[in-house]
Amino acid sequence: MADTPALRDPHRFVREHTALMPPPLVPEVPLHLAVETVALWRQTEEALGEMGLPPPFWAFAWAGGQALARYCLDHPETVRGKHVLDFAAGSGVTGIAALKAGARSVDASELDPFAIAAIEANAAANHVTLTTRLDDVAGRDDGWDVVLAGDVFYEAELALRIGDWLAGLHRRGATVLIGDPGRAFLPRGELKEVARYTVPVERELEDREVRFAKVWRFT
């Protein structure tokens, strides 16, 4: 895919390559998602890679994020009135769910400007307002009351860094919730399961049609 105005304009790119659809586990949070999974992934991976950007993780409702979003909606007391971080937010489904559950404010962090555009589009579609942060916030502490991390333990080195940071936030008093569908590098020994969900997923992405996602918190 050659460089186009849409690629240079993340908001336009999101509008032109997605459709507003309800994720299976949280249908009350419609998102701009990929219609043709493999086609979007292959086309944008090559084009965005040439621009130094990651593949379009933001265009899919990953199981860990859906599980966290469902947990927030089912247990609104967890986030009600709180300042929340949706870390590595992807589509923003978790942060949007937190706002719908009564969070006072949400920061949604991502490293990809296209993800930021998707989060902003998804927030607008759900009639909520959040703060997007195009920044690596791992290692920082901006006083969040609740930190939500969905599906972030898929690489060993990254998992160590994120796990240590999240544990530190927990020790200083933040509520840290992790949504995970069984990724290899989740630090299970430090965590307690608080919920589990059956999440329909894209076979093209997960090589299966269902993921069993759990929500964890530090012990």
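Use the structure listed above.
Keep in mind the model is a prediction, meaning the values are calculated, not measured.

Thresholds applied
Residues numbered from 1 in each chain as written. Predicted model: local features only at pLDDT ≥ 70, side-chain atom pairs only at ≥ 80, totals over all residues. Heavy atoms only, no water. Axes fitted to C-alpha atoms, helices over the stretch in contact; angles between N-to-C directions. Helix = DSSP H or I, 4+ residues; strand = E, 2+ residues; numbered from the N terminus. Parallel < 35°, antiparallel > 145°, perpendicular 65-115°, else oblique. Contact = heavy atoms within 4.5 Å. Nonpolar A, V, L, I, M, F, W, Y, C, P; charged D, E, K, R; others polar. Phe/Tyr/Trp six-rings, centres within 6.5 Å; stacked < 30°, edge-to-face > 60°. Buried < 20%, exposed > 50% of the residue type's maximum accessible area, 1.4 Å probe, protein only. Salt bridge = Lys/Arg side-chain N within 4 Å of Asp/Glu carboxyl O. Pairing = 2+ DSSP bridges. Polar contact = N/O pair within 3.5 Å; in protein donor to acceptor, adjacent residues only side chain to side chain.

Peer 1: Which residues make up the packing of helix 4 (residues 63-74) against helix 5 (residues 93-100), and what values do they have?
Peer 2: The geometry of helix 4 relative to helix 5 is characterised by a closest axis approach of 8 Å and an angle of 5° between their N-to-C directions. Classified by the angle their axes make, helix 4 and helix 5 are roughly parallel. Side by side, helix 4 and helix 5 meet where Gly 65, Gln 66, Leu 68, Ala 69, Cys 72 and Leu 73 of the first sit next to Val 93, Thr 94, Ala 97, Ala 98 and Lys 100 of the second. When its residues are assigned to classes, the contact of helix 4 with helix 5 shows seven nonpolar, three polar and one charged.

Peer 1: Break down the packing of aromatic side chains for me, with residues and values.
Peer 2: Going through the model one piece at a time under the given rule, you end up with five aromatic pairs. Seen from their ring centres, Phe 13 and Trp 58 are 6.1 Å apart, and the 75° between their planes marks the pair as edge-to-face. One end of the pair, Phe 13, is in helix 2 (residues 10-17); the other, Trp 58, is in the loop between helix 3 (37-50) and helix 4, with 45 residues separating them in the sequence. Given the relative accessible area of 1%, Trp 58 is considered buried. A ring pair is formed by Phe 57 and Trp 62, whose centres lie 6.2 Å apart and whose planes are at 50°; its orientation type is tilted. Since its relative accessible area comes to 22%, Trp 62 is described here as partly exposed. Ring pairs connect the aromatic residues Phe 13, Trp 58 and Phe 114, which therefore count as one cluster.

Peer 1: Describe unusual backbone geometry, and please don't skip the residues or the numbers.
Peer 2: With a phi angle near 50°, Ala 88 is a residue other than glycine that sits in the positive phi range. Positive phi, normally seen in glycine, also occurs at Asp 151, with a value near 60°. With respect to the helices and strands, Asp 151 occurs in the loop between strand 6 (146-150) and helix 7 (156-171). Its relative accessible area of 10% is what places Asp 151 among the buried residues.

Peer 1: Let's hear about the environment of Leu 111: which residues, and what values?
Peer 2: Summarising the element assignment, Leu 111 is placed in the loop between strand 4 (105-110) and helix 6 (113-125). Accessibility expressed as a relative area gives 59% for Leu 111, which makes it exposed. Sequence spacing of Leu 111 and Gly 90 is 21 residues, and the spatial spacing of their C-alpha atoms is 9.3 Å.

Peer 1: Report on the pattern of salt bridges, specifying residues and quantitative values.
Peer 2: Per the stated rule, a full pass over the model turns up 13 salt bridges. For Asp 107, the salt bridge goes to Arg 133, with nearest N and O atoms at 3.4 Å. Of the two residues, Asp 107 is situated in strand 4 and Arg 133 in strand 5 (residues 131-134); the sequence distance between them amounts to 26 residues. On the basis of relative accessible area, Arg 133 is assigned to the buried category, the value being 15%. A network of salt bridges, in which partner residues are shared, links Asp 107, Arg 133, Asp 135, Arg 140 and Asp 142.

Peer 1: Describe in detail the sheet that holds strand 9 (residues 210-218), supporting the description with residues and values.
Peer 2: Backbone hydrogen bonds hold the strands of a sheet together, and the pairing may be parallel or antiparallel. Read from one edge of the open sheet, seven strands run 5-4-3-6-7-9-8, paired in mixed fashion. Every other strand in the sheet has two partners, leaving strand 5 and strand 8 (191-200) as the edge strands with one partner each. In this sheet, adjacent strand axes meet at a mean angle of 20° when their direction is disregarded. Judged from the four bridges that link them, strand 4 and strand 5 form a sheet pairing that is parallel. Bridge assignment links Asp 107 to a residue of strand 5, and that residue is Thr 131. Relative to strand 8, helix 4 is tilted by about 110°, and along the sheet it contacts strand 6, strand 7 (175-180), strand 8 and strand 9.

Peer 1: Tell me about the side chain of Arg 70, and name the residues and values.
Peer 2: Looking at where Arg 70 falls in the secondary structure, it is placed in helix 4. Looking at Arg 70, the relative accessible area reads 13%, which means it is buried. A polar contact is formed between the side chain of Arg 70 and the backbone oxygen of Leu 25, at a distance of 3.0 Å. Apart from residues no more than four positions distant in its own chain, Arg 70 is found in contact with Leu 25, Val 26, Pro 27, Glu 28 and Tyr 197.

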